[in-house]
Amino acid sequence: MTLPGPPANVRRTRVVIIGAGPAGVTAAATLARHGVTPIVIDEAAKPGGQIYRQPPDGAARPPREIYGFDAAKATRIHGLFKDLQSAAKIDYRSQTLVWNITRNEQRFRLDLLHNGVQATLDADKIILATGAVDRALPFPGWVLPGVFTLGAAQIALKSQGVAIGRRVALIGAGPLLPLLVNQYLAVGIKPVAALDVAPFIAKLRAFGGLAAQPATLLKGAYYTARAAALGCAITSNVRSIRALGDSRVTGLAYATADGKTHEIACDGIAASFGLRSESQLADLAGCRFEFDNASRQWQPLRDRVGRSSVSGVYIAGDGAAIGGADVAELAGEQAALALLDDGGTPTSVERRHTLDRALRRQSRFRRALESAYPFPAHLVANIPDGLIICRCEGITAGQLRDSIARRHPTDVNRLKAFSRLGMGRCQGRMCGHVGAELLAAHAGCGIVEAGRLRAQPPIKPIPLTSALATEVSS
Amino acid sequence: MTLANTCDVAIIGGGTAGCAAAVHLRRAGMQVILVERDRCGGGASGVNFGGVRTQGRNPVELPLAIRSRAIWSTLNELLGEDVEFDATGHLKLARSPADMAELEAYALLAREAGLDLTLIGPNAIRAEVPWLGAAVVGASLAPNDGQANPRLVAPAYARLARRLGVDIREQTSVTAARRTEHGFEIDAASATITSRLLINTAGMGAAAIARLFGEEVPLEAMMPNMVVTEPVPYIATRSIGVCGGDIYIRQIPRGNVIFGGGRGGGDWMDWRSRSSTETTLTNIPKLVDIVPAFRDALIIRSWSGIDGLTPDKLPVIGPSMTTPGLLHAFGFCGSGFQLGPVIGEILAELALKGGSSSPLDAFRIDRFTQPGLAAATA
Ligand SMILES: Cc1cc2nc3c(=O)[nH]c(=O)nc-3n(C[C@H](O)[C@H](O)[C@H](O)COP(=O)(O)OP(=O)(O)OC[C@H]3O[C@@H](n4cnc5c(N)ncnc54)[C@H](O)[C@@H]3O)c2cc1C
Ligand SMILES: Cc1cc2nc3c(=O)[nH]c(=O)nc-3n(C[C@H](O)[C@H](O)[C@H](O)COP(=O)(O)OP(=O)(O)OC[C@H]3O[C@@H](n4cnc5c(N)ncnc54)[C@H](O)[C@@H]3O)c2cc1C
């Protein structure tokens, strides 16, 4: 005899969370607490996201060594996820890339790549917690082997315990720089240079707002001071940088605010200039975007609690707007509560207020951080014609300027159509924003009019073999 | 710049057809205003597969296609820029003896229409085109067919038209059009444009324009599915099609492989279209069967676009049957990129001389309705 259950036509609402960083993990935990079992998909092999990235099996090290100050938080997030998994309160799909989202009627279809094989998944509701990537900016020599982003250098360190060279120069425009300098120092490698392209004065000015989050501020100040104490002071207000070398990096030349130029020998450079939200899935799901002046990037529109402009799609963490790990945790929970609330599941009003207050405080801090590390416009203002902007397609600044002058593109998608900018493997994730900056500068339109590259599936390359039936056996 | 709203010819729609017409009319001294909803070449003309193909067309379309092909040879000079036309030749493949018989029959028809095709049998195909897979049993080669970069052609026509003095109004939709005593009035944003003649090259939007003049065309939205891979070693030196038309393939010298076939999806009323994952995944095994060397490539992008499809898969080209001075050219059924250059010339001929040197009978707009019906509703 069958037990009385819900009528067969009442299907459970399927919730899919994309991303198992702090935002995705807290969202999953929140749903689980309310009796919803989400599917959690992540491209990576292990949960944790960027900040709490775990080393692969066999490369385990003590959390303190990998995460420094954040070891306790990392351990908590990892533990939380493990508990959810062992209690079967989530359905975790690791090493699975979501490469497309389409809407049909009230549902969503996700296209997945797992173990080199295609799969699809239908979802009623989605929480996008896809995090961020480094914002790369081109500078002379940036395509030389031996040049990395700060994030890549950090990933190598966190997951494999590997440095990017013996003599390493680190360059940034955001809080990742002092952090990485310290992470290098902690493993006994003293960077030969630590350069910040943001002016120090901006940080002083932003102090009031930064004080809204004293612990984080102290952490930042501590990292900066500790780096100096260990003989690796961070030079602020760096005006220009150039990687030197023929077939690979052999040095770095840079100019400081006093007009002096410097040259040092190095075999590894890590440079990036803040972070950029990974928002292509939101774009494919049909979410509307707006330009955020402070961070100088496009962000998916969302309300205070994480609802996107598309009903059923919620966005949390760095994939919505750069806010860091603590914000991601809060926002993940908040988005999950909003989702539950929208579906008629009762949630704690008090908890929602608490989250709201905490996120407001964080957002003041974030605004201050953005003014402390303003977009380094001086780096894109004088890009020489010979410099490659789109490295997948090998398109130079000169070719782009020529295309702008002769073919009059009106927005960056048109510039793409005319010049091939962003038509390669990375789909413009690394160069689209630079194309928009060049277009704005040379066509005399605003950066908002220059627009953003529309996302097209697949958001990351997928092998043809993934669709060949013979492969499915693996 | 203040704009005069009076002209000899108003054109609705800035795809290849409309922009090419603007160029030829302006060169003949006409005052032309072209109104485009989005950006010139932002529609089907800018996102298509890039096939410049005469082979496989309905024989009634061949005279136009052959005439257009001749223009492609000198298009760079006309436009003053390189639109990457490459006469790679087009191979239509047979994957069965029945396919081969179809190719043989078509070659005879094509020859009559002036298109010479070379049939390649099973043994020769291995020797001559060694990169084709075992599934291929023969082919028909159109040596003069080729491919071009669709993202460049219509915008290049539009820029040339502008240089010649055509008033192009982008991001402006035509929302109403009517016949007046002396010609036409169209509402385009806040302006009302008056013209002596009106040309309807609005692509999928053209049926709605025709309807304003009492002409019904059962136009369906056609959204072909397009995929491109990362660059891989350049081997497919010819453009590829198949009997059945379910897949078509081309590679550009920088290595990217573009393949199409089947349909994407979307909502043409919103001018939104997208690739379909099912279609893409269905096409992949066919691609790999035809060119096994592409097997290890990665897909980097996919898309679709919106063209108009008629019941007999032939376009509408020619004068209105209800309204003197109105000309139509639309419904190109997925193969109007190749025709674009000649459509521009033909529309100019029709506008200036009232007739064309190319046979247009098969493309009459009233072929879909009962004779007399169109006139009755006018
Ligand atoms: C390289 C890098 C290093 C960073 N290091 C630090 C640091 O040391 N300290 C710090 O405070 N902040 C750091 N940050 C900032 C970091 O973004 C946030 O602190 C925090 O990780 C944001 O959490 P999140 O949950 O929003 O996203 P993330 O932690 O980035 O998690 C997003 C997850 O989504 C997955 N994902 C994304 N797209 C897809 C997809 N299409 N399919 C499947 N899975 C997908 C990713 O694999 C990832 O695991 C770093 C950021 C980057 C990019
Ligand atoms: C994905 C795809 C692949 C294709 N592959 C090939 C191929 O390989 N070879 C080939 O020969 N052909 C191909 N085609 C077909 C070819 O692209 C079209 O037939 C051709 O581009 C049609 O040109 P057009 O100028 O008539 O229309 P379009 O390029 O569609 O231009 C019509 C224009 O009219 C505008 N418009 C519509 N309504 C209004 C209005 N009310 N007011 C103002 N403007 C308006 C639209 O915005 C549009 O820009 C393909 C088509 C697609 C979609």
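None of the values given here were measured: they were computed from a predicted structure.

Reading the values: the criteria
Residues numbered from 1 in each chain as written. Chains lettered and ligands numbered in written order. Predicted model: local features only at pLDDT ≥ 70, side-chain atom pairs only at ≥ 80, totals over all residues. Heavy atoms only, no water. Contact = heavy atoms within 4.5 Å. Buried area = accessible area lost by both parts, 1.4 Å probe. Salt bridge = Lys/Arg side-chain N within 4 Å of Asp/Glu carboxyl O. Axes fitted to C-alpha atoms, helices over the stretch in contact; angles between N-to-C directions. Helix = DSSP H or I, 4+ residues; strand = E, 2+ residues; numbered from the N terminus. Left-handed = near helix turned anticlockwise from the far one by under 90°. Nonpolar A, V, L, I, M, F, W, Y, C, P; charged D, E, K, R; others polar. Near = heavy atom within 4 Å. Polar contact = N/O pair within 3.5 Å; in protein donor to acceptor, adjacent residues only side chain to side chain. Areas by Shrake-Rupley, 256 points an atom, 1.4 Å probe, with all protein chains shown as cover. Domains from an automatic or database assignment. Parallel < 35°, antiparallel > 145°, perpendicular 65-115°, else oblique. Buried < 20%, exposed > 50% of the residue type's maximum accessible area, 1.4 Å probe, protein only. Pairing = 2+ DSSP bridges. Bend = angle between axes of the 7 residues up to and from the residue. Expected span 1.5 Å × (residues − 1).

Caption draft 1: Broad picture of the interface of chain B and chain A. Tallying the contact residues gives 35 residues for chain B and 34 residues for chain A. When the two sides are added together, the surface that chain B and chain A hide from each other amounts to roughly 3000 Å², 52% of it contributed by carbon and sulfur. Of all residues in chain B, B:Arg151, B:Arg274 and B:Arg301 give up the largest surface area on contact with chain A, accounting jointly for 22% of the area buried on that side. Inspection of the chain B/chain A interface yields 4 salt bridges.

Caption draft 2: Expanded view of the packing of helix H10 (residues 324–342) of chain A against helix H11 (residues 349–372) of chain A. Residues and elements named next belong to chain A. At their nearest, the axes of H10 and H11 sit 10 Å apart, and the two run at 145° to each other. Crossing hand, H10 versus H11: left-handed. Across from Asp-326, Val-327, Leu-330, Ala-331, Glu-333, Gln-334, Leu-337 and Asp-341 in H10, the residues of H11 making contact are Arg-351, Arg-352, Leu-355, Asp-356, Ala-358, Leu-359 and Gln-362. Each residue belonging to the contact of H10 with H11 can be placed in one class, and the counts come to 7 nonpolar, 2 polar and 6 charged.

Caption draft 3: How the structure looks around the site of ligand 2. Residues and elements named next belong to chain B. Inspection of the region around ligand 2 gives 37 residues, with Glu-36, Ser-45, Gly-51, Asp-307 and Gln-338 positioned closest. With respect to ligand 2, the backbone of Thr-16 contributes an N or O atom lying 3.2 Å from an oxygen atom. Within the backbone of Val-174, a nitrogen or oxygen atom sits 2.9 Å from a nitrogen atom of ligand 2. Protein burial of ligand 2: of its 1000 Å² of free accessible surface, 96% is covered by the chains. Listing elements by their share of the shell around ligand 2, those giving two or more residues are helix H1 (16–27), helix H2 (44–47), strand E13 (224–229) and helix H10 (336–353). Grouping the constituent residues of the shell around ligand 2 by class yields 14 nonpolar, 19 polar and 4 charged. Structurally, the shell around ligand 2 is a two-domain feature, drawing no fewer than three residues from each of domain 1 (6–47 + 151–220 + 310–377) and domain 2 (90–143 + 224–304).

Caption draft 4: The packing of H1(B) against H10(B), seen in detail. Residues and elements named next belong to chain B. Remark: H1 packs on H10, axes separated minimally by 7 Å, with the N-to-C direction vectors making an angle of 45°. For the element pair H1 / H10, the angle class is oblique. When the axes of H1 and H10 are compared, the crossing they make is right-handed. Along its contact with H1, which presents Thr-16, Ala-17, Ala-20, Ala-21, His-24 and Leu-25, the element H10 presents Phe-337, Gly-340, Pro-341, Ile-343, Gly-344, Glu-345, Leu-347, Ala-348, Ala-351 and Leu-352. Broken down by class, the residue content of the contact of H1 with H10 amounts to 11 nonpolar, 4 polar and 1 charged.

Caption draft 5: Fine view of the pairing of strand E22 (residues 326–330) of chain B. Residue and element names in this part refer to chain B. Across the 5 residues of E22, 5 count as buried, placing the element largely inside the fold. Here E22 shows no split at all, with Leu-326, His-328 and Phe-330 on one side and Leu-327 and Ala-329 on the other all buried. With 3 bridges joining them, strand E11 (residues 191–200) and E22 adopt parallel strand pairing. Note that in E22 the partner of Asn-200 across the bridge is His-328. The sheet contact formed by strand E21 (residues 316–319) and E22 spans 4 bridges and is antiparallel. Looking at the pairing, Ile-317 lines up with Ala-329 of E22. As consecutive antiparallel partners, E21 and E22 are separated by 6 residues, and within that stretch Gly-325 has a phi angle of approximately 95°, a positive value.

Caption draft 6: Representation of H10(B). Residues and elements named next belong to chain B. Val-342 marks where H10 bends most, by close to 40°. Of all the 18 residues making up H10, 15 are buried; the element is thus mostly covered by neighbouring parts of the structure. Trailing H10 by a residue or two, Gly-354 shows a phi angle of about 80°, which is positive.

Caption draft 7: Representation of the environment of A:Ala173. All names here are of chain A. With respect to the element layout, Ala-173 can be found in the loop between strand E10 (168–172) and helix H5 (176–186). Each C-alpha atom of the pair Ala-173 and Arg-135 lies 9.7 Å from the other, and the pair is 38 residues apart in sequence. The contacts of Ala-173, once residues within four sequence positions are left out, are Asp-196, Val-197, Ser-272, Phe-273, Gly-274, Tyr-373 and Pro-376.

Caption draft 8: Region of the structure containing the domain arrangement of chain A. Residues and elements named next belong to chain A. In terms of domains, chain A is made up of domain 1 (8–133 + 276–347), domain 2 (136–273) and domain 3 (383–450). A straight line from the C-alpha centre of domain 1 to that of domain 3 covers 31 Å. Each partner contributes to the interface: domain 1 provides 7 residues, whereas domain 3 provides 5 residues. Summed over both sides, the interface of domain 1 with domain 3 buries roughly 600 Å², with 52% coming from carbon and sulfur. Residue Arg-429 is joined to Glu-278 by a salt bridge in which the shortest nitrogen-to-oxygen separation is 2.7 Å. Taken together, domain 1 and domain 3 are joined by 3 residue pairs in polar contact (both at pLDDT 80 or more). For the side of domain 1 that touches domain 3, a count of residues per class yields 3 nonpolar, 1 polar and 3 charged.

Caption draft 9: Representation of the pattern of salt bridges. Here the structure, examined in full by the defined rule, presents 44 salt bridges over all chains. For A:Asp326, the salt bridge is made with A:Lys73, and the minimal N-O distance between the two is 2.7 Å. With A:Asp326 in helix H10 and A:Lys73 in helix H3 (residues 71–86), this pair connects stretches of sequence that are 253 residues apart. Classification of A:Lys73 by relative accessible area gives partly exposed; the value is 24%. One salt bridge connects A:Arg109 with B:Glu278, and the closest N-O pair in it is separated by 2.4 Å. With A:Arg109 in strand E5 (residues 107–114) and B:Glu278 in helix H9 (residues 277–290), this residue pair bridges two chains. Here B:Glu278 falls in the partly exposed class, since its relative accessible area comes to 48%. One salt-bridge network, in which partners are shared between bridges, spans A:Asp292, A:Arg366, A:Arg367 and A:Glu370.

Caption draft 10: Expanded view of the site of ligand 1. Residue and element names in this part refer to chain A. Close to ligand 1 lie 33 residues, the nearest being Ala-23, Asp-42, Gln-50, Gln-154 and Asp-318. Backbone polar atom of Gln-50 to an oxygen atom of ligand 1: 2.9 Å apart, as the coordinates give it. Considered on its own, ligand 1 offers 960 Å² of accessible surface; in the complex 91% of this is hidden by protein. For the shell around ligand 1, the secondary-structure elements that each account for two or more residues are helix H1 (22–33), strand E4 (96–104), strand E8 (132–134), helix H4 (150–160), H5 and H10. In terms of residue class, the shell around ligand 1 is made up of 18 nonpolar, 11 polar and 4 charged. Two domains share the shell around ligand 1, each providing at least three of its residues, namely domain 1 (8–133 + 276–347) and domain 2 (136–273).

Caption draft 11: Expanded view of H9(B). Residues and elements named next belong to chain B. For H9, built from 14 residues, the straight-helix expectation of 20 Å at 1.5 Å per residue is met to within 8% by its first-to-last C-alpha distance of 20 Å. Where H9 is concerned, the buried positions are Thr-277, Thr-279, Thr-280, Asn-283, Ile-284, Leu-287, Val-288 and Ile-290. Of the residues flanking the start of H9, the one acting as N-cap is Ser-276, its side-chain oxygen 3.4 Å from the backbone nitrogen of Glu-278.

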